[in-house]
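The chain contents come next:
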Amino acid sequence: MSQTSTPVVDIHSHFFPPITQQEAAALDASAAPWLQIQDNEHGMIMTGDKPFRPVYSALWDSARRIEEMDRSGVDIQLMCATPVMFGYRYAIEQALPWAQRMNDYAVELCSHNNRRLKALAQVPLQDIDAACREASRAKAIGHVGVQIGNHLGDRDLDDESLLIFLTHCANEDIPILVHPWDMMGGDNRMKKWMLPWLVAMPAETQLGILSLIMSGAFERLPASLKICFAHGGGSFAFLLGRVDNAWRERDIVRENCPHPPSSYVNRFSVDSAVFDRRALSLLVDVMGEERVMLGSDYPYPLGEQKVGDLIRSSGFPDARRQRLLGGNAHAFFQL
């Protein structure tokens, strides 16, 4: 447990429940994700018969997760689906039961210690009515918010159907974490070296943010919407000056956006998963200290290996560190 006055909250961690191949087959026998547990410590996420990603037990073992939280000084951790679990491309007749089962699994994993483990639900965005109903059901059974992908096929977050979902969450006081997935670039340009994760993921996140700003969506969405973007908002903070300059100089950029893009930073939050003190300093300077929350991407290798160390070592005044480590998350998710 942490020794800080404000409990430390990691808002961005992932889980993958012990889905069997038989369970996955109900969604798609050839490609749906499931967990092949090789021993008590190691496993492999599979998609159909194909290995997808090697993993270890913290992903499905709540007791192991709590042990590692204690070592990192994390009091509360919010768990959300590994994006391969989203199931957005399937018919709603299969996708809705899948999302419901994953959300029930999440509650089961949190029940190991539901004071310290909290869950963000997944929803079938391909059917907005079903997504709204599942978001509300998930809140009723204990989820503290939802996680969604940053796009749905070729529809970005400014799509009218997705705005209906965002409005529903605003009206129901359901916080949202937006996570990049299904990255741009394709196999031919993102050949190896994890380039989809290193290049396309930050771009996807910036695209999600700018789609809401430049389209004027934030002008129509309720001010009560609580929406947070993973991975420090991707490339948004570093490139915001470029976007503001374009807004000033080109009328086509201003067409649907009545105010400078930088004026909309008070409409969303970001997590702290940027892995560099200078980047974190810029992020807090751009977003404001009240809109940055600790997020680790635990327990994956590209996550912060000792959760919270970047903020603790930032050199920020203590009051700011407390806000980033937990104070902002407590207010955002009403923990």
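In what follows, the structure referred to is the one given above.
Note that the structure is a prediction, hence the values are computed from the model and not measured.

Description of the packing of helix 7 (residues 195-214) against helix 9 (residues 236-249)
Packing of helix 7 against helix 9 brings their axes to within 11 Å, and their N-to-C directions diverge by 40 degrees. Comparing the axis directions of helix 7 and helix 9 gives the class oblique. When the axes of helix 7 and helix 9 are compared, the crossing they make is right-handed. Contacts between helix 7 and helix 9 involve Gln206, Ile209, Leu210, Ile213 and Met214 from the first element and Phe236, Leu239 and Val243 from the second. Residue composition of the contact of helix 7 with helix 9, grouped by class: 7 nonpolar, 1 polar and no charged.

Re the pairing of strand 6 (residues 117-121)
The buried count for strand 6 comes to 4 of 5 residues, which makes it a mostly enclosed element. Pairing of strand 5 (residues 76-81) with strand 6, which is carried by 3 bridges, proceeds in the parallel orientation. Each bridged residue has a counterpart across the sheet, and for Met79 the counterpart in strand 6 is Ala119. Bridge count between strand 6 and strand 7 (residues 145-149): 2 bridges; the pairing is parallel. Bridging across to strand 7, Leu120 finds its partner in Gly145.

Comments concerning the nonpolar core
In summary, soluble globular proteins display a tendency toward joint burial of nonpolar side chains. Membership of the largest hydrophobic core comes to 90 residues, with the highest contact counts inside it found for Ile148 and Phe165. Sort the elements by how many residues they give to this core and helix 3 (residues 92-110) lands first, with 7 residues. In this structure Ile148 touches Phe86, Tyr88, Val123, Leu125, Leu157, Phe165, Leu166, Ile176, Leu177, Val178 and His179, once residues within four positions along its chain are discounted. Counting residues in each nonpolar core, the second largest holds 14 residues, with Val9, Ile76, Leu78 and Leu177 among its members.

Examining the sheet that holds strand 3 (residues 42-47)
Strands belonging to one sheet form pairs held by backbone hydrogen bonds; the direction of such a pair is parallel or antiparallel. Pairing is antiparallel in the open sheet, where 3 strands are placed in the order 2-3-4. Strands at the two margins of the open sheet, each flanked by one partner only, are strand 2 (33-37) and strand 4 (50-56). Going across the sheet, the axis of each strand differs from the next one's by a mean of 30 degrees, ignoring polarity. Bridge analysis of strand 2 against strand 3 gives 5 bridges, and the strand direction is antiparallel. If you follow Trp34 over to strand 3, its bridge partner there is Met46.

Reading the values: rules and limits
Residues numbered from 1 in each chain as written. Predicted model: local features only at pLDDT ≥ 70, side-chain atom pairs only at ≥ 80, totals over all residues. Heavy atoms only, no water. Axes fitted to C-alpha atoms, helices over the stretch in contact; angles between N-to-C directions. Helix = DSSP H or I, 4+ residues; strand = E, 2+ residues; numbered from the N terminus. Parallel < 35°, antiparallel > 145°, perpendicular 65-115°, else oblique. Left-handed = near helix turned anticlockwise from the far one by under 90°. Contact = heavy atoms within 4.5 Å. Nonpolar A, V, L, I, M, F, W, Y, C, P; charged D, E, K, R; others polar. Buried < 20%, exposed > 50% of the residue type's maximum accessible area, 1.4 Å probe, protein only. Pairing = 2+ DSSP bridges. Core = buried A, V, L, I, M, F, W, Y, C linked by side-chain atoms within 4.5 Å.

Spatial relationships are all this shows, so hold off on functional conclusions.
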